[in-house]
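Each chain, written out:
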Amino acid sequence: MSTNPSLSPRQTTAHPPLSRHFIGFMALACGISVANIYYAQPLLEQFARQFHTTVAGVAAVPSATQIGYAAGLLLLGPLGDRHARRRVILIMAALLVPALIGAALAPSVAILATASFAIGMLSSIAQQIIPMVAHLAPPQARGKAIGLVMSGLLVGILGGRVLAGGIAALLNWQAVFGFATLVNIGMGIMLWRVLPRLPVDAHATNQSYAALLGSTLKQFTLHRDLRLAGITGGLFFASFSVFWVGLTPLLQSPAYGYGPAAVGAFGILGIMGATVAPISGRHSDRPGGPRRVLFVALALTVLSWALFAPGTHGLWWLIAGVLVLDAGVQGAQIANQTRIYALDAAARSRINAVYMTLYFIGGSVGSFVASHAWTAGGWLAVTAAGAGLALAALLLHAASGPPRTA
């Protein structure tokens, strides 16, 4: 019999130790699931040609994916506190497969958008996995474990665009969703093999689903650190989104004249920010670590916009800024999640649902701001908007003071 409980699907009682292999599997699952959200973004022109419309006519597709993800965070995220996380994760992974097949076979924009909503909702599986890892990790190593798993998440966020663009260029957009279907089948099999069976909190199990949702919303009022983390996280993710949305028209403008492949190349550069996660995690495990890490990470995010400012005059400014931006955002995210997972062990899924909902609301706001800033004033306006959001996050954190103890 295996001596590593984390690799046994029959585990029923004690919490399994977190082996490096197990953490690696969870990072891989987070990356695969979150990549589903970003496959559609480089495919808009192919969608428009397929369905005989404009890019604006298919804009509902990526929007439906983001809205679905937010719905999954709020409506499915709390289930990890009421039901066995293994069961919730496996059901979501299984349902992802028909959703992806539906997208690949979609005969109209409306059906593609509907399938995209389902893909987004079910891809919130990543936000079931991260609280589970936080639950399994000992307090002194929780930040490091979260950091390693979040590395996979960042690779998925940035790598999804790169893969989709490459596959669509070689084949077509349907092949992208066909590829995603195969990869997600593999993910489901892997999760079935490695996920442990964990006991469920009795109090949460006895709550109705409506009460659980009410309890999720209540977490925002209960925990000051959750409110601060959520607002700060929304601001720095908005800044992150401003850059990635504004980068596409900049690289395709007369200043550079590049095609979509150049944006994909910048996505590969951004993946290098994942290397910061374990370092941020280790420092976040120290007393007072999350606050210090968050301050440094937000300062780096602000600094990145100083590097982006002369971005119309040379790619090196953009390359340097991308490395600093992704390091800052990744470090800030690790610090935030380390501190919120220390608030209430019995409500980690609900706390995470609140935090990630605010985080992705910030990302949506950033996307909206970036498109309008580019129209209003080009790259200078985009830079001002991104820097302003990052600076607001830094000032809020600096003014918030140390965390309060119970």
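Residues numbered from 1 in each chain as written. Predicted model: local features only at pLDDT ≥ 70, side-chain atom pairs only at ≥ 80, totals over all residues. Heavy atoms only, no water.

Enquirer: So what exactly am I meant to see when it comes to the overall build of the protein here?
Expert: The helix and strand inventory of the protein stands at 17 helices and zero strands. Across the 406 residues in the protein, those meeting the buried criterion constitute 56%. Here the contacts in the protein between residues at least 6 apart in sequence split such that 82% fall between residues at least 24 apart. If you sum the accessible surface of the protein, you get close to 16,400 Å²; carbon and sulfur atoms cover 70% of it. (Helix = DSSP H or I, 4+ residues; strand = E, 2+ residues; numbered from the N terminus. Buried < 20%, exposed > 50% of the residue type's maximum accessible area, 1.4 Å probe, protein only. Contact = heavy atoms within 4.5 Å. Areas by Shrake-Rupley, 256 points an atom, 1.4 Å probe, with all protein chains shown as cover.)

Enquirer: Can you walk me through unusual backbone geometry in this structure?
Expert: In most cases, non-glycine residues show a negative phi, while peptide bonds are predominantly trans. Backbone geometry places H52, a non-glycine residue, at a positive phi of 55°. Residue placement: H52 occurs in the loop between α2 (44-50) and α3 (60-75).

Enquirer: Even after reading the chapter, I still don't get the side chain of N184, so can you show me in this structure?
Expert: Structurally, N184 is set in helix α9 (residues 173-194). For N184, the residues in contact, after removing those within four places along its chain, are I32, N36, L96 and L100.

Enquirer: Got a minute to help me understand the environment of G72 in this structure?
Expert: In this structure, G72 sits in helix α3. Aside from chain neighbours lying at most four places away, what touches G72 is G77, M121 and S124.

Enquirer: Teacher, can you tell me more about the confidence of the model for the protein here?
Expert: Fine structural detail should not be taken from predicted coordinates in areas where pLDDT scores are low. Model confidence for the protein is summarised by a mean pLDDT of 80, while 84% of its residues fall at 70 or above. At the low end of the mean pLDDT range in the protein sits helix α10 (residues 202-205), at 53; at the high end sits α9, at 93. pLDDT under 50 marks residues 1-15. Its contacts with residues more than four places away, or in other chains, come to 32 contacts. (pLDDT = per-residue confidence, 0-100.)

Enquirer: Could you clarify how one ought to interpret the nonpolar core in this entry?
Expert: Within soluble globular proteins, side chains that are nonpolar tend to cluster in buried spots. Residues M26, F47 and L191 are the most contacted members of the largest nonpolar core, which totals 116 residues. It is helix α17 (residues 348-400) that contributes the most residues to this core, 15 residues altogether. Setting aside anything within four residues of it in sequence, one finds M26 in contact with I129, M132, V133, V149, L191, V194 and L195. (Core = buried A, V, L, I, M, F, W, Y, C linked by side-chain atoms within 4.5 Å.)

Enquirer: Would you explain a nonpolar patch on the surface in this entry?
Expert: A surface patch of nonpolar side chains, about 340 Å² in accessible area, is lined by L74, L75, Y209 and L217. Elements with a minimum of two residues in the nonpolar patch: α3 and α11 (209-222). Along the chain, Y209 turns up in helix α11. (Patch = residues over 30% accessible without salt bridge, like charges linked within 9 Å, V, L, I, M, F, W, Y side chains within 5 Å. Salt bridge = Lys/Arg side-chain N within 4 Å of Asp/Glu carboxyl O.)

Enquirer: Quick question: what am I supposed to make of the packing of helix α16 (residues 315-341) against α17 here?
Expert: In helix packing, the relevant descriptors are the interaxial angle and the interaxial distance, both defined with respect to the helix axes. It is at 11 Å that the axes of α16 and α17 come closest, and there the two elements cross at 155°. When the axes of α16 and α17 are compared, the pair comes out roughly antiparallel. Taken as a pair, α16 and α17 cross one another with a handedness that is right-handed. Across the interface between the two elements, L318, V329, Q333, N336, Q337, I340 and Y341 of α16 pack against R348, I351, N352, Y355, M356, Y359 and W379 of α17. By residue class, the composition of the contact of α16 with α17 is nine nonpolar, four polar and one charged. (Axes fitted to C-alpha atoms, helices over the stretch in contact; angles between N-to-C directions. Parallel < 35°, antiparallel > 145°, perpendicular 65-115°, else oblique. Left-handed = near helix turned anticlockwise from the far one by under 90°. Nonpolar A, V, L, I, M, F, W, Y, C, P; charged D, E, K, R; others polar.)

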